[in-house]
Amino acid sequence: MGTMRAAVVDAYDGKFRIQNVHLDAPRDHEVLVEVRAVGLCHSDLHVAEGNIPFPLPIVLGHEVSGVVIEAGPGVSTLSPGDHVVGSLLQTCRACRACKEGRSYQCENPDSTVRAAGDRPRLSRDGVILSQGYGLGGFAERVLAHENQLAKVPDRLPFPQAALLGCGVATGVGAAVNTAAVRPGDTVVVIGAGGVGLNVVSGARLCGAARIVVVDLQQRKLELALAFGATDTINPSEVDAEAAVLKATGGGADHVFEVIGLKSTSEQAVRMARRGGAAYLIGLHKPGTKIEIDALGDLIRGQKRIQGVYMGSSRIERDIPLHADLYLQGRLNLDNLISGEIRLDQINDAYDELRKGSVTRSVITSF
Ligand SMILES: [Zn+2]
Ligand SMILES: [Zn+2]
């Protein structure tokens, strides 16, 4: 509540400006959180550069962890002092999809944000500020719906916690929830960025026999080994498709595309074994079409193609689970973090990300 510092995007120029903004008081089912860590995700940069449309000005930042300061009326799941992780998954917990356990397909995602025309959660000199994905974490405090927050153990470090709501949920969830990889299965991951590394973690948790990672950058392939990859393939050195077919004995049970390109998506289908599946996770440019060999791959090959959103996650179940797995030493979060920075270093840190930095900078001081 009251005035606080936040990083505001005023134009689609990819620049963040540190300013004083106003945060409203919690209303029904809203929770006020003191932000302790927030990760610099690539998708916030896409918004700041105008590639994903959102009304400006806006406060972004959706990989948030912190401590509950105040719980508004009707909040049943959280109390002051609780450590929480935010998620951009907006769910109503009341529609048919939510009730059937598929909250990642919620029919009323806008139920977690205030209606247009209502008093805004965030404003600056009386002007409405958009709140990125219902969170707005590049700030000292966040006012969010309780359905976008999950409680985590107090001893989980805040920077590691911040990553659980986005890249970890997406990557680990794709292997565990969407694909339901079984012990002994073979897995291919195309693209070893922040999400791809978490797909590797998920496949390892499921007991995959082989986890083959494909990437053009050697340092990403080396990092993938620290997450549990068993084989790495660099397409600049070898024919990736032939190498995958060899490593998996004729094609993989599960192939995850985590780049978002037509060529690698089509390749993912070809890399699957007969009866196997390709999972498309990487965000494609709007309007992209992919071509599939209907007879060879779909009918004779009996392959499935599945699009994945947010790792088919149920945040109230998956975020605490991933927190526990980390605390038990069974989920690698430490190697995802490159360093801790201050809020006013956000532009420099995003410049690093533009240059192709693999791991995350996390803001821990405001
Ligand atoms: Zn993210
Ligand atoms: Zn719903």
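This text goes with the structure placed above it.
Residues numbered from 1 in each chain as written. Chains lettered and ligands numbered in written order. Predicted model: local features only at pLDDT ≥ 70, side-chain atom pairs only at ≥ 80, totals over all residues.

Visitor: Is there a simple way to explain the sheet that holds strand β14 (residues 231-233) in this structure?
Guide: Strand pairs in the sheet, formed through backbone hydrogen bonds, run parallel or antiparallel to each other. With parallel pairing, 6 strands are arranged side by side in an open sheet as β14-β13-β12-β15-β16-β17. The strands lining the two open edges of the sheet, one partner per strand, are β14 and β17 (304-307). The sheet shows a mean angle of 20° between the axes of neighbouring strands, direction not considered. The pairing of strand β12 (residues 186-190) with strand β13 (residues 210-214) spans 5 bridges and is classified as parallel. (Pairing = 2+ DSSP bridges. Helix = DSSP H or I, 4+ residues; strand = E, 2+ residues; numbered from the N terminus. Axes fitted to C-alpha atoms, helices over the stretch in contact; angles between N-to-C directions.)

Visitor: Just to check I follow, could you spell out the nonpolar core for this structure?
Guide: Taken as a class, soluble globular proteins show a tendency for nonpolar side chains to be buried jointly. One finds Val59, Phe138, Val188, Val189, Val200 and Phe256 to be the most contacted residues of the largest nonpolar core, which totals 106 residues. Both domain 1 (2-152 + 333-365) and domain 2 (171-310) contribute no fewer than three residues apiece to this core. Every residue in contact with phenylalanine 256, bar those within four places of it in the chain, is listed here: Ala174, Val188, Val189, Ile190, Val199, Tyr279 and Ile281. (Core = buried A, V, L, I, M, F, W, Y, C linked by C-beta atoms within 7 Å. Buried ≥ 20, exposed ≤ 12 C-beta atoms within 10 Å, placed from the backbone. Domains from an automatic or database assignment. Contact = placed C-beta atoms within 7 Å.)

Visitor: Honestly, unusual backbone geometry in this entry has me stumped. Any pointers?
Guide: Glycine aside, residues mostly have negative phi, and peptide bonds are mostly found in the trans state. In this model, leucine 56 is joined to proline 57 through a cis peptide bond whose omega is -10°. Position of proline 57 among the secondary structure elements: in the loop between α1 (42-48) and β4 (58-59). The phi torsion at aspartate 125 lies on the positive side, around 50°, for a residue other than glycine. Relative to the assigned elements, aspartate 125 resides in the loop between β7 (122-124) and β8 (127-128). In this structure aspartate 125 comes out as exposed when scored by C-beta crowding, with 8 C-beta atoms within 10 Å.

Visitor: What am I meant to see in the sheet that holds β8 here?
Guide: What the 6 strands build is an open sheet, ordered β8-β7-β2-β1-β4-β9; its pairing is mixed. Of all strands in the sheet, those with a lone pairing partner are β8 and β9 (130-131), marking the two edges. Bridge count for strand β1 (residues 2-9) against strand β2 (residues 17-23) is 7 bridges, and the pairing is antiparallel. Counterpart to methionine 4 in the pairing with β2 is valine 21.

Spatial relationships are all this shows, so hold off on functional conclusions.
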